[in-house]
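An overview of the molecular structure
Each chain is listed here by its residues.
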Amino acid sequence: AIAQRFPDDAIIGEEDGGLGTYALLRRGWRADACIIPEPTSPDIAPGNCGALSFRILVPGRAAHASRRLAGVSAIEKFFPLFAAVRRLEAERNAVKHPLTARWELPLSIEIGTVSAGEWASSVPDLLTAEGRMGVALGEDPDAARRALEETVAAACADDPWLREHPARVQWWGGQFAPGLTDVDAEILQVVRRAHAAVSSHPQATWATPYGSDLRLMHNIGGVPTVHYGPGDVGLAHGPDESVPIAEVLTATRALAFAVLDHGGVST
């Protein structure tokens, strides 16, 4: 366990890359083990897939809407690129790591926002699409980036306009590498014992399909890290986001037992 308290000026930024955790590790803070209470329902997850935020800029040519054939709609030119991204997603999920086999799409690629045009009566000359791309356990994030860039480039090469005016891919925001703690690490056994002490709910073991600070604690800090917490991540970031009170109580009790167990305190 970390003996010293966290510094007062620790930066918070989990959703965009874990700046707080990174700041602690950069200052030299370490721990014997780490439990991240991400929603696991409450199973045990010793790994996380990566997640990379990206932006695709699709060019068009502006014109008055009454003479739309004089222009090139960036919206229309986005359609084949979106289809190509969907095909890439299917290819990347054709083979799954055993710890992600429970997920239909452990490496999802989704476009979260799309904006185009500046006026209703004009042909839009630029479309901006922003999304996230999953990274497989053990995969180099740079390899995932190349896969998306090459997919966009190939789709552009098939279109006469985009061949001469190719779309551009930018990487911004959260850039989460994958991370995986050894499934034989002591902290996993500690959490399993703690959970069994407070709940009859059988635990499964899997890796999360989303990015988390596990990859910082494990990859940079060398700290054995595991996810264990209440709630279903399938409800997160959505209209019915909620966490069952019963799972909150179970996880709270289990975490208390885990601290005592890992610290060698008799229970």
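Report follows, based on the coordinates. The model shown is predicted, which means the values in this text are computed figures rather than measured ones.

Definitions and limits used
Residues numbered from 1 in each chain as written. Predicted model: local features only at pLDDT ≥ 70, side-chain atom pairs only at ≥ 80, totals over all residues. Heavy atoms only, no water. Helix = DSSP H or I, 4+ residues; strand = E, 2+ residues; numbered from the N terminus. Buried < 20%, exposed > 50% of the residue type's maximum accessible area, 1.4 Å probe, protein only. Contact = heavy atoms within 4.5 Å. Areas by Shrake-Rupley, 256 points an atom, 1.4 Å probe, with all protein chains shown as cover. Lys, Arg positive; Asp, Glu negative; His and termini not counted. Charge placed at Lys NZ, Arg CZ, Asp CG, Glu CD. Salt bridge = Lys/Arg side-chain N within 4 Å of Asp/Glu carboxyl O. Pairing = 2+ DSSP bridges. Core = buried A, V, L, I, M, F, W, Y, C linked by side-chain atoms within 4.5 Å. Axes fitted to C-alpha atoms, helices over the stretch in contact; angles between N-to-C directions. Expected span 1.5 Å × (residues − 1). Arc of directions from axis to C-beta. Polar contact = N/O pair within 3.5 Å; in protein donor to acceptor, adjacent residues only side chain to side chain.

With respect to the overall build of the protein
For the protein, the count of helices and strands is 7 helices and 9 strands. Taking the principal axes of its C-alpha atoms as reference, the protein extends roughly 80 × 40 × 30 Å. Within the span of the protein, comprising 267 residues, buried residues form 45% of the whole. Residue pairs at least 24 apart in sequence account for 77% of intrachain contacts in the protein once pairs closer than 6 positions are excluded. Accessible area of the protein: about 14,100 Å², with a carbon and sulfur share of 56%. Looking at the protein, you have 23 positive and 33 negative side-chain charges, and the mean spots of the two groups are 5 Å apart.

Let's talk about the pattern of salt bridges
The tally for this structure, following the rule as stated, stands at 9 salt bridges. Across the pair R55 and E130 runs a salt bridge whose closest N-O atoms are separated by 2.9 Å. Linking R55 in strand β3 (residues 50–59) with E130 in strand β5 (residues 126–135), this pair joins segments that are 75 residues apart in sequence. This pair shows no difference in class: R55 is buried, exactly as E130 is. Where E110 meets R86, a salt bridge forms, and the shortest distance between an N and an O atom there is 3.0 Å. With E110 in strand β4 (residues 109–116) and R86 in helix α2 (residues 74–92), this pair connects stretches of sequence that are 24 residues apart. Within the structure, one salt-bridge network assembled from shared partners comprises R86, E89 and E110.

Side note on the environment of I36
Structurally, I36 is set in strand β1 (residues 34–36). Setting aside chain neighbours within four positions, we find I36 in contact with S212, D213, L214, T225, V226, H227 and Y228.

Details of the pairing of strand β2 (residues 44–48)
The buried fraction of β2 amounts to 5 of the 5 residues, a majority that puts the element mostly inside the structure. Here 3 bridges tie β2 to strand β8 (residues 205–208), and the two strands are oriented parallel to one another. Bridged to I44 within β8 is T205. As judged from the 2 bridges shared by β2 and strand β7 (residues 179–180), these two strands associate in the antiparallel manner. Looking across to β7, one finds that G47 is bridged to L180.

Quick look at the nonpolar core
Formed by 27 residues in total, the largest nonpolar core has its most connected members in I56, V58, L81, M133, L148 and V152. Contributions of two or more residues to this core are made by β3, α2, β4, β5, α3 (141–157) and α4 (160–164). In this structure, V190, V226, A254 and A258 belong to the second largest nonpolar core, which totals 13 residues.

Structural notes on the sheet that holds β5
A sheet is described by the order of its strands in space; here 4 strands give the open sequence β4-β5-β3-β6, paired in antiparallel fashion. Single-partner strands in this sheet number two, and they are β4 and β6 (168–176). The mean inter-strand angle of the sheet, taken between neighbouring strand axes irrespective of direction, is 20 degrees. Bridge count for β3 against β5 is 10 bridges, and the pairing is antiparallel. Directly across from G50, in β5, lies its bridge partner V135. The sheet contacts of α2 involve β3, β4 and β5, and relative to β4 the element is tilted by about 170 degrees. Contacts from α3 reach β3, β5 and β6 within the one sheet, and its direction differs from that of β6 by about 150 degrees.

Focus on α3
Side chains that are three or four residues apart share a direction in an α-helix, a result of its 3.6 residues per turn. Here α3 contains 17 residues, and its C-alpha end-to-end distance of 24 Å stays within 8% of the 24 Å for a straight helix at 1.5 Å per residue. Along α3, the positions that sit buried rather than exposed are P141, A144, R145, A147, L148, T151, V152, A155 and C156. Here the buried residues of α3 occupy an arc of 170 degrees about the axis, which is enough to place them on one side. Check the buried side of α3 and you find it contacts β3, α2, β5, α4 and β6. Capping of α3 at its N-terminal end is provided by D140; its side-chain oxygen lies 2.9 Å from the backbone amide nitrogen of D142.

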